[in-house]
Amino acid sequence: MFELPEVVTLVRQMNDTLPGKTIRRGQLGNSPHKFVWYNRSHEEFERLAAGKTVGQARSRGRWLFLPLEPGYLLLMGEWGGKTLYHSSGAKVPAKYHLYITFEDGSFLTAMTQMWGAMELYQQGEEQNRQYVQGMKTTPVEPEFTLEYFLGLIDELAGGEKRSAKALLTQNQIIPGLGNAIAQDILFRARLHPRHPIADLDPEQRSTLYRAIVETVTEAIDRGGRYDEVDLFGQPGGYVRLMDRNALGRPCPACGGEVVKIQYLGGACYLCPSCQG
Ligand SMILES: [Zn+2]
């Protein structure tokens, strides 16, 4: 599934490619999938998309906003798989959840993996959608300061017990992060995924903040992670430190063996000595 760096990469590439293109035909999926969230019927989507012109895309967290002028906006969110741009004459994928053809013959397709939203709104109405409405500050926004982060931890530490992994992956507390990037953040911060956030001392809190910002920045600079593909079908350049390929190998910091544990809905890869 895409996390913030992959979505930022898609936005950048869309903005190099799509603005000004006019839609000849917009279609929803030909491959039924009950976990793809649509808010329009096939007919309605097709009718509303036709003739619209693509504006400048933007993103927040795992959500991508693509204006279709005049007056509409395509919202893609919490998705993964392949969102691809194709030149005129390229072969159309056999299966897709979204297929938008432009007047110049080029086209955009999306085929998500597990789930995902592909919705069309009148501009402004997308802000009322669940998960978009009330979204907290994301790690690439200027408001995501150390002060903000420390306040967030204080606020959360007073409530139910929450672990470091839960902070990074649950309930969009820090929107845009997910299971994949969280592993590297925890490694850089030298924290065990189960470490209760209420127990973090001030230095650990600052270290975790820096690990979030640095990991996200590096993954964006490298065009997303290597096990996802970008708008042109190319893998990203960010190679994760802690993932299944690291299992059984020496930890990049101490040389100890990287292990796997199951925790909070997924595998975690970690170095037991660095993240003890
Ligand atoms: Zn280590």
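Coordinates for the structure precede this section.
Reference entry: report on the structure contained in this document.

What counts, and at which threshold
- Residues numbered from 1 in each chain as written.
- Predicted model: local features only at pLDDT ≥ 70, side-chain atom pairs only at ≥ 80, totals over all residues.
- Heavy atoms only, no water.
- Donors = N, O, S within 2.8 Å, 3.2 Å for Na, K, Ca; no water.
- Tetrahedral: all angles 85-135°; square planar, octahedral: opposite > 155°, others 65-115°.
- Buried < 20%, exposed > 50% of the residue type's maximum accessible area, 1.4 Å probe, protein only.
- Core = buried A, V, L, I, M, F, W, Y, C linked by side-chain atoms within 4.5 Å.
- Helix = DSSP H or I, 4+ residues; strand = E, 2+ residues; numbered from the N terminus.
- Contact = heavy atoms within 4.5 Å.
- Phe/Tyr/Trp six-rings, centres within 6.5 Å; stacked < 30°, edge-to-face > 60°.
- Lys NZ or Arg CZ within 6 Å of the ring centre and 35° of its normal.

### Considerations on the coordination of the zinc ion
1) Next: On the protein side, the zinc ion has Cys251 (SG), Cys254 (SG), Cys271 (SG) and Cys274 (SG) as donor atoms, found 2.2 to 2.4 Å from it.
2) Next: One can describe the donor arrangement at the zinc ion as tetrahedral, given that its four donor atoms subtend angles of 102 to 115° at the metal.
3) Next: Mapping the donors of the zinc ion onto the primary sequence yields the spacing C-x2-C-x16-C-x2-C.
4) Next: Using a relative accessible area of 4% as the deciding quantity, one classes Cys251 as buried.

### Thoughts on the nonpolar core
1) Next: Membership of the largest hydrophobic core comes to 30 residues, with the highest contact counts inside it found for Leu64, Leu66 and Leu98.
2) Next: Sorting the residues of this core by element identifies α1 (4–17), β1 (23–28), α2 (42–49), β5 (63–69), β6 (72–77), β8 (98–102), β9 (107–111) and β10 (116–122) as the ones contributing at least two each.
3) Next: With four residues, the top contributor of residues to this core is α1.
4) Next: Excluding its chain neighbours within four sequence positions, the residues that come into contact with Leu64 are Val7, Leu10, Val11, Met14, Arg58, Ser59, Leu74, Leu75, Met76 and Trp79.
5) Next: Grouped together as the second largest cluster of nonpolar side chains are 28 residues, Leu177, Leu186, Ile212 and Val216 included.

### Some points on the packing of aromatic side chains
1) Next: Under the defined criterion, the tally for this structure stands at nine aromatic pairs.
2) Next: Ring geometry for Phe144 versus Tyr209: centroids 5.7 Å apart, planes at 20°, classification stacked. Highlighted residues: Phe144 in the loop between β10 and α3 (146–157) and Tyr209 in helix α6 (residues 202–221), separated in sequence by 65 residues. Both residues of the pair, Phe144 and Tyr209, count as buried.
3) Next: For the ring pair Phe149 and Tyr209, a centre distance of 5.8 Å and an interplane angle of 45° mean the geometry is tilted. Here Phe149 is found in helix α3, whereas its partner Tyr209 is found in helix α6, with 60 residues between them in sequence.
4) Next: Each member of the aromatic cluster is reached from another via a ring pair, and the members are Phe144, Tyr148, Phe149 and Tyr209.
5) Next: Taking the ring centre of Phe65 as reference, the NZ or CZ of Arg58 above it sits at 4.4 Å.
6) Next: Just above the ring of Phe187 sits the side chain of Arg190; from NZ or CZ to the centre is 4.4 Å.

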